[in-house]
Amino acid sequence: MDDINETSFVVDEVSNVIKESIEATIGSQSYQQAKINTWTSNIVEAILNSLTKLNKPFKYIVSCVIMQKNGAGLHTASSCFWDNSTDGSCTVRWENKTMYCIVSVFGLSI
Amino acid sequence: KIHRDSLPRILNHRDSLPRKNSTHRDSLYGNLTQRDSLPRNSTQRDSLPRNSTHRLSLGRNRRQSSMNSIPRNLDRRFIRYENTFRMEPDDDRRIEIANVKRIGNLVVESAIKDYQYDPNNAKLFTSRLSEQLRYHMKQLPSNRFKYVIHVCMGQKQNQDLRVTSRCLWDLKCDRHVTIVKETKDCYLTVTIFCIYSE
C-alpha cells in the first residue's frame, strides 16, 4: 500500500541507509582518536542527507555512538513519547575489530 | 417544469466523478489526496487483494469491537484534525528548556547516586531511567510535544567514546537537552529531544 509507506516510518529502508553510511565512512578503518570526531559527524550527516532524499514528511533525529573495543560494557536505552501509528525508530549495531558503532534514527511525522 | 429539469443534471454530475470504490463516500472526500483509496470500513476489505492488506485488516478486526461509537467512515489511522492555523507554539504551550534541564538533572542525579556498575543490572537500570524521564516529561504542562529520550551508560575502563547526534527539525520550536554525569566506575549520557507536533 503506497499510502502506508508514505506516511509511516519504514524500518527496512532506513536500516539500509544507515548500514551504507557506516560502511562508507568507517568500513575498513581502525579506531583512531584523532579522526573520531570527523567520523561521527560524517556518518550522522550522510544519514541525514540520505533520509531527506527519501522525501517523506518526517522530522528526524539521528544519534551515533562510537566506542573503542576495550572490554568495557556499554548500554543504551531510549524511551519515546509519540504517535505509534506514524512514528518509528531504527537502531543499527555495527562493529569491526577495534570499535563498536551504534546508530539510532528516530522519525517523527509532521 | 424548470424544477424537474434540474434533477437529471445533478445525477449526471455525480456519475462523471471518478469512481474508485463505487461508494457514496467518495464524493464527500473527493478532494483529498490518494489516501482515500484505503479501505474505510469492513465491507470494503474483501475487495482488496489479501496479501497486501492482510495485516491491515487483522488490525481492524481487533479494533472493530471498541469502535462502535465512531462513525463508520472515519479512518482511524488518518484522522484529519482541523487546521489550528498555528505556525509555532503559543505561550502557554511553549516548553521551558530550563525546566526540562532542571528536572532531567534531578532525576538523573537521584538515580545515579551510589550506583555501582553491574553488568547484569545495567540493562534494567538504563531502561528504567529512560522511562522515569519520559514520565516526568509527560507531567510538563506543554501538551503538544513529542519526546525522545536517549540514555547511554557505560563502564569506565580508559576507553574512548563519542556520542553524536544530528536532527532535522524546525529550529524555532524543537529543542534538546544533554546531561552528562560520571561516577567512579561508570558514566551516563542523557539526551532529551522535545519535538513540537501540531
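Here's a quick rundown of the structure. Residue indices follow the written sequence of each chain, beginning from 1 at its first position. For naming, the first written chain is A and the first written ligand is 1, with later ones following in the order written. Thresholds applied to this predicted model are a pLDDT of at least 70 for local features of residues and 80 or more for the giving and counting of side-chain atom pairs; totals over whole chains, interfaces and linings are not thresholded and use all residues. Side-chain descriptors were evaluated using all non-hydrogen atoms of the structure, hydrogens and water having been removed beforehand.

## A word on the pattern of salt bridges
- One speaks of a salt bridge when a side-chain nitrogen belonging to Lys or Arg is within 4 Å of a carboxyl oxygen belonging to Asp or Glu. Scanning the entire structure with this criterion turns up seven salt bridges over all chains.
- Here K59(A) ties to D174(B) by a salt bridge, and the two come within 3.0 Å at their closest N and O atoms. Of the two residues, K59(A) is situated in strand β1 (residues 58-68) and D174(B) in the loop between β2 (161-168) and β3 (175-182); the pairing between them involves two chains.
- Working definition: with a 1.4 Å probe on protein chains only, accessible area under 20% of the residue-type maximum means buried, over 50% means exposed, and in between means partly exposed. According to the relative accessible area criterion, D174(B) is buried, its value standing at 4%.
- Taking the shortest distance from any N to any O, the salt bridge between K69(A) and E95(A) comes out at 2.7 Å. You can see K69(A) sitting in the loop between β1 and β2 (74-81) and its partner E95(A) sitting in strand β3 (residues 88-95), a full 26 residues away along the chain.
- Look at K69(A) and you get partly exposed, because its relative accessible area is 30%. Labels follow the DSSP assignment, with helices taken as runs of H or I lasting at least four residues and strands as runs of E lasting at least two, numbered in each case from the N terminus.

## Overview of the side chain of T189(B)
- Along the chain, T189(B) turns up in strand β4 (residues 186-196).
- What makes T189(B) buried here is its relative accessible area of 12%.

## Comments concerning the sheet that holds β4(B)
- At least two bridges found by DSSP between two strands are what make those strands a pair. Pairing in this open sheet of four strands is antiparallel, and the strands run β2(A)-β1(B)-β4(B)-β3(B) from one edge to the other. The sheet is open, and its two borders are formed by β2 of chain A together with β3 of chain B, each paired with just one other strand. The average angle at which neighbouring strand axes cross in this sheet is 10 degrees, direction not considered.
- Pairing geometry for β3(B) and β4(B), over eight bridges, is antiparallel. Orientation is described by lines fitted to C-alpha atoms, with helices fitted over the stretch in contact, and by angles between N-to-C directions that extend from 0 to 180 degrees.

## Here's the deal with the environment of C194(B)
Residue and element names in this part refer to chain B.
- Considering the arrangement of structural elements, one finds C194 in strand β4.
- Judged by its relative accessible area of 1%, C194 falls in the buried class.
- In this structure, the C-alpha to C-alpha distance between C194 and V100, residues 94 residues apart in sequence, is 9.4 Å.

## Focus: helix α6 (residues 122-139) of chain B
- Here α6(B) is 18 residues long and its end C-alpha atoms lie 26 Å apart, about the 26 Å a rise of 1.5 Å per residue gives.
- For α6(B), the full list of buried residues reads A122(B), F125(B), T126(B), L129(B), S130(B), L133(B) and M137(B). One face of α6(B) carries all of its buried residues, which in axial projection span an arc of 125 degrees. Structural note: α6(B) exposes K123(B), L124(B) and Q139(B) on the side pointing more than 90 degrees away from its buried face.
- What makes two residues a contact is simply this: any of their non-hydrogen atoms within 4.5 Å. Looking at the buried positions of α6(B), the neighbouring elements they touch are β2 of chain A together with α5 (97-112), β1 (145-155) and β4 of chain B. The span expected for a helix works out to 1.5 Å for each residue beyond the first. Within this analysis, the arc is defined by the directions that extend from the helix axis to the C-beta atoms.

In short, the description is geometric, and any link to function would need to be established separately.
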